[in-house]
Amino acid sequence: MKRRTLASLPVVALAQAPLPAAPVEASPAPHPAPVTVPVPPVESPAVVEGNLPVFFERLKAELRYPLAWENSRIRDFRTWQRAAAAKVEELLRQAPDHTPFRPEIVDERPADGYRQRRLLFNVTRHSRVRASMLVPDGPGPFPAVLLLHDHGSKFDIGKEKLVRPWYDDTRLASARDWSARYFGGRFVGDELASRGYLVLAVDAFGWGDRSGLTYDAQQALASNLFHLGSSLAGLMAREDVRAAALLHSLPEVDRGRIATLGFSMGGYRAWQTAALSPHVSALVSVCWMTTLKEMMVVGNNTLRGQSAYHMLHPGLYDHLDIPDVASIAAPRPAFFLNGESDPLFTAAGTTGAYAKMRAVWHAQRADNRLRTTIWPGVGHVFTPEMQDHAYAWLDRWLKR
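Here goes a summary of the coordinates provided. (Residues numbered from 1 in each chain as written. Predicted model: local features only at pLDDT ≥ 70, side-chain atom pairs only at ≥ 80, totals over all residues. Heavy atoms only, no water.)

1. Some details on the sheet that holds strand β10 (residues 334-339)
Where we set the bar: The rule for pairing is simple: two strands pair if DSSP sees at least two bridges between them. Put simply, DSSP marks the helices as runs of H or I at least four residues long and the strands as runs of E at least two long, and each gets a number from the N terminus on. A fitted line through C-alpha atoms represents every axis, and for helices the fit uses only the stretch in contact; the resulting angles, taken between N-to-C directions, go from 0 to 180 degrees. The contact rule is simple, with two residues in contact once any of their heavy atoms fall within 4.5 Å.
Ordered in space as β3-β4-β5-β7-β6-β8-β9-β10-β11, the 9 strands form an open sheet in which the pairing is mixed. Unpaired on one side and paired on the other, β3 (104-110) and β11 (370-375) mark the two borders of the sheet. Each neighbouring strand pair of the sheet contributes to a mean axis angle of 15°, computed without reference to strand direction. In this sheet, strand β7 (residues 198-202) lies alongside strand β6 (residues 142-148) in parallel orientation, the contact comprising 4 bridges. Its bridge partner being in β7, L147 is matched across the sheet by A201. Contacts between helix α7 (residues 265-276) and the sheet are confined to β6, β7, β8 (253-263), β9 (282-286) and β10, with β8 contributing the most and set at about 145° to the helix.

2. Some thoughts on the pattern of salt bridges
Spelled out, the test is: The rule for a salt bridge is simple: a side-chain nitrogen of Lys or Arg has to be within 4 Å of a carboxyl oxygen of Asp or Glu. Throughout this description, buried means an accessible area under 20% of the type-specific maximum (1.4 Å probe, protein chains only), exposed means over 50%, and partly exposed covers the range between.
Under the counting rule described, the total for this entry stands at 28 salt bridges. The closest approach of N and O atoms between K161 and D150, which form a salt bridge, is 2.8 Å. One end of the pair, K161, is in the loop between β6 and α3 (169-182); the other, D150, is in the loop between β6 and α3, with 11 residues separating them in the sequence. Given the relative accessible area of 0%, K161 is considered buried. Residue D150 is classed as buried on the basis of its relative accessible area, which comes to 3%. A salt bridge links K399 to D395; the nearest nitrogen and oxygen atoms lie 3.5 Å apart. It is possible to trace a salt-bridge network through shared partners that takes in R118, R130, K159, E160, D168, R171, D203 and D209.

3. A look at the nonpolar core
The following threshold applies: What we call a nonpolar core is a set of buried Ala, Val, Leu, Ile, Met, Phe, Trp, Tyr and Cys residues that are connected through their side-chain atoms within 4.5 Å.
Membership of the largest hydrophobic core comes to 75 residues, with the highest contact counts inside it found for L200, L247, W271, M289 and F336. In terms of residue count, helix α6 (residues 232-249) provides more of this core than any other element does, 8 residues in total. Once residues lying within four places of it in the same chain are set aside, the contact partners of M289 are W271, I322, P323, A326, F336, N338, F345, T350, A353, Y354 and M357. Within the second largest apolar cluster, 38 residues are counted, among which are A201, F263, C287 and L398.

4. Observations concerning the packing of α6 against α7
Stated formally: Orientation labels follow simple angle bins: below 35 degrees gives roughly parallel, above 145 gives roughly antiparallel, 65 to 115 gives roughly perpendicular, and whatever is left gives oblique. Take the far helix as your reference; a near helix turned counterclockwise from it by less than a right angle gives a left-handed crossing, and one turned clockwise gives a right-handed crossing.
For the pair α6 and α7, the least separation of the axes is 9 Å and the interaxial angle reads 65°. Considering the angle they form, α6 stands roughly perpendicular to α7. In this structure, α6 meets α7 at a crossing whose hand is right-handed. Judged by residue contacts, M236, A237, D240, V241 and A244 of α6 engage M265, Y268, R269, Q272, T273 and L276 from α7.

5. Things to note about the pairing of strand β4 (residues 114-122)
When you tally the buried positions in β4, you get 8 out of 9 residues, the bulk of the element. For β3 and β4, the ladder comprises 6 bridges, and the chain directions are antiparallel. Bridge pairing in β4 links I105 to L119. Here β3 folds back onto β4 in antiparallel fashion, the turn holding 3 residues, of which G113 has a positive phi close to 95°. Of the pairings in the sheet, the one linking β4 to strand β5 (residues 128-136) comprises 9 bridges and is antiparallel in character. Among the inter-strand pairings, R115 is bridged to a residue of β5, identified as V135. Taken together, β4 and the strand that follows it, β5, pair antiparallel across an intervening segment of 5 residues.

6. So, the environment of H380
As a reminder of what qualifies: Each polar contact in these results corresponds to two N or O atoms within 3.5 Å; when the atoms are within protein, one needs to be able to donate a hydrogen and the other to accept it, and residues that are neighboring in sequence are counted only if both atoms are side-chain atoms.
Within the secondary structure layout, H380 lies in the loop between β11 and α11 (384-398). Note on H380: relative accessible area 14%, which makes it buried. Not counting chain neighbours up to four residues away, the residues in contact with H380 comprise Y182, F263, S264, C287, D342, P343, L344 and F345. For H380, the side chain forms a polar contact with the side chain of S264, separated by 2.7 Å. A polar side-chain atom of H380 sits 2.7 Å from a polar atom in the side chain of D342.

7. Let's talk about the layout of surface pockets
Regions of empty space are outlined by a rolling probe, equal in size to a water molecule, passed over the atoms. Quick reminder of the rule: A cavity here means a set of 1 Å grid points, computed over protein atoms only, where a 1.4 Å probe fits but cannot escape. A pocket is an open set with protein on both sides within 12 Å along at least 5 of 7 lines, and lining residues have an atom within 4 Å of a point. Grid points are joined across faces, edges and corners, and a volume is the space filled by probe spheres set on the points.
Estimated volume of the largest pocket: approximately 1100 Å³. In terms of lining residues, the largest pocket is bounded by 46 residues, among which M295, N301, T302, L303 and A308 are the most central. Mapped by element, the contributors of at least two residues to the lining of the largest pocket are β2 (52-53), α1 (56-61), α3 and α8 (292-295).

8. Observations regarding the packing of aromatic side chains
Working definition: an aromatic ring pair is given by the centre-to-centre distance plus the angle between the planes. Spelled out, the test is: Pairs were defined over the aromatic rings of Phe, Tyr and Trp, the Trp ring being its six-membered one, requiring ring centres within 6.5 Å. Orientation was assigned from the angle between planes: stacked under 30 degrees, edge-to-face over 60, tilted for the rest. We call a charge positioned above a ring when the Lys NZ or Arg CZ atom is no farther than 6 Å from the ring centre and deviates by at most 35 degrees from the ring normal.
All chains considered together, the criterion is met by 16 aromatic pairs. The interplanar angle of 45° and the centroid separation of 5.5 Å between the aromatic rings of F335 and W393 together place this pair among those described as tilted. In this pair, F335 is assigned in strand β10 and W393 in helix α11, connecting sequence segments 58 residues apart. Judged by its relative accessible area of 5%, W393 is buried. Above the ring of W69, the side-chain terminus of R75 is found at 4.0 Å from the ring centroid. Stacked on the ring of Y167, the Lys or Arg R118 has its end atom at 3.8 Å from the ring centre.

Next comes the structure, spelled out in structure tokens:
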């Protein structure tokens with residue numbers, strides 16, 4: 001029953017002498033008004049379009065990114081870098097790996113201005129893999145580029161998407177089709193080698209020589225790795241960092257001039273590796289940058305799962321947004337290219353991410369070291385014109 005408080009009664013004038021005044025007593029403190037808590041309707045449905053929880057917008061609103069440079073209480077940049085990188089490392093579910101690489105050249109032949117190599121090396125303590133390397137003619141050491149291939153739901157080729165496979169006619173046909181579709185018919189690695197860069201490309205887990213992955217099996221693979229105390233995305237990150245360390249160890253490479261470059265998922269890998277590896281001096285990321293909140297919108301490819309597991313570190317976004325992780329690479333030279341009509345990323349997501357990164361490079365007085373572009377009239381591609389600008393950027397920072 002609802003409590004009621006007594007109200008003062010009205011005074012009625014009577015035809016009699018007034019009564020003596022009664023002593024004035026203090027009124028009792030009023031009871032506080034009851035707090036009404038709204039009762040939400042019974043939740044049904046709980047899962048809405050895009051396989052999102054019905055309350056997904058509220059979850060997004062709760063993401064504060066307390067470790068982001070703009071929000072962190074740490075105001076010394078180097079200290080912040082170490083703290084942010086340590087948090088990412090913690091959530092990879094992949095311990096640092098110091099296994100000796102033991103590189104072994106198993107094939108080498110001359111090409112036009114460079115040598116084509118196939119080599120084996122220990123990418124982790126669990127995996128010895130094949131890699132493609134292009135070494136410019138002439139005396140070294142050379143500036144080097146770690147090329148990181150895309151996802152594309154195409155698993156028969158990995159490194160071959162970027163370096164022309166001279167060793168397999170079937171893969172060459174597949175790679176040419178892929179190059180025509182996304183790179184204007186060019187092989188990015190061969191273009192770089194002809195310009196004087198040593199190039200390394202390695203298959204990510206499940207692609208090319210490391211076959212066995214299918215589109216529909218990605219979630220199961222990710223789940224199984226989680227059960228085994230590991231992580232699919234963390235494994236990819238660790239292997240990419242190890243590949244950068246391999247480059248740093250090679251006598252043909254100028255250790256102070258190592259860049260990462262990738263397209264699509266490879267673009268994600270390029271800035272992630274730069275953020276986590278002390279050996280990377282510059283980066284070029286093509287067609288992979290957004291804010292998390294603008295990525296988690298109905299219709300986005302990420303909501304389908306599957307490929308998303310290669311870029312999912314559970315718990316990371318409780319601390320850092322996507323561009324915050326990329327900003328760990330500041331103030332090193334970084335070039336981000338996105339297509340104006342890219343269906344995988346909203347314009348708001350890309351421009352918002354660019355703004356966050358520019359604020360970090362600006363705070364380090366390194367505005368000239370960050371270039372962010374949205375290429376007019378193109379979608380999810382790395383056109384020859386975009387490539388030429390990327391190569392010029394690398395020349396500016398890595399050529400002597």
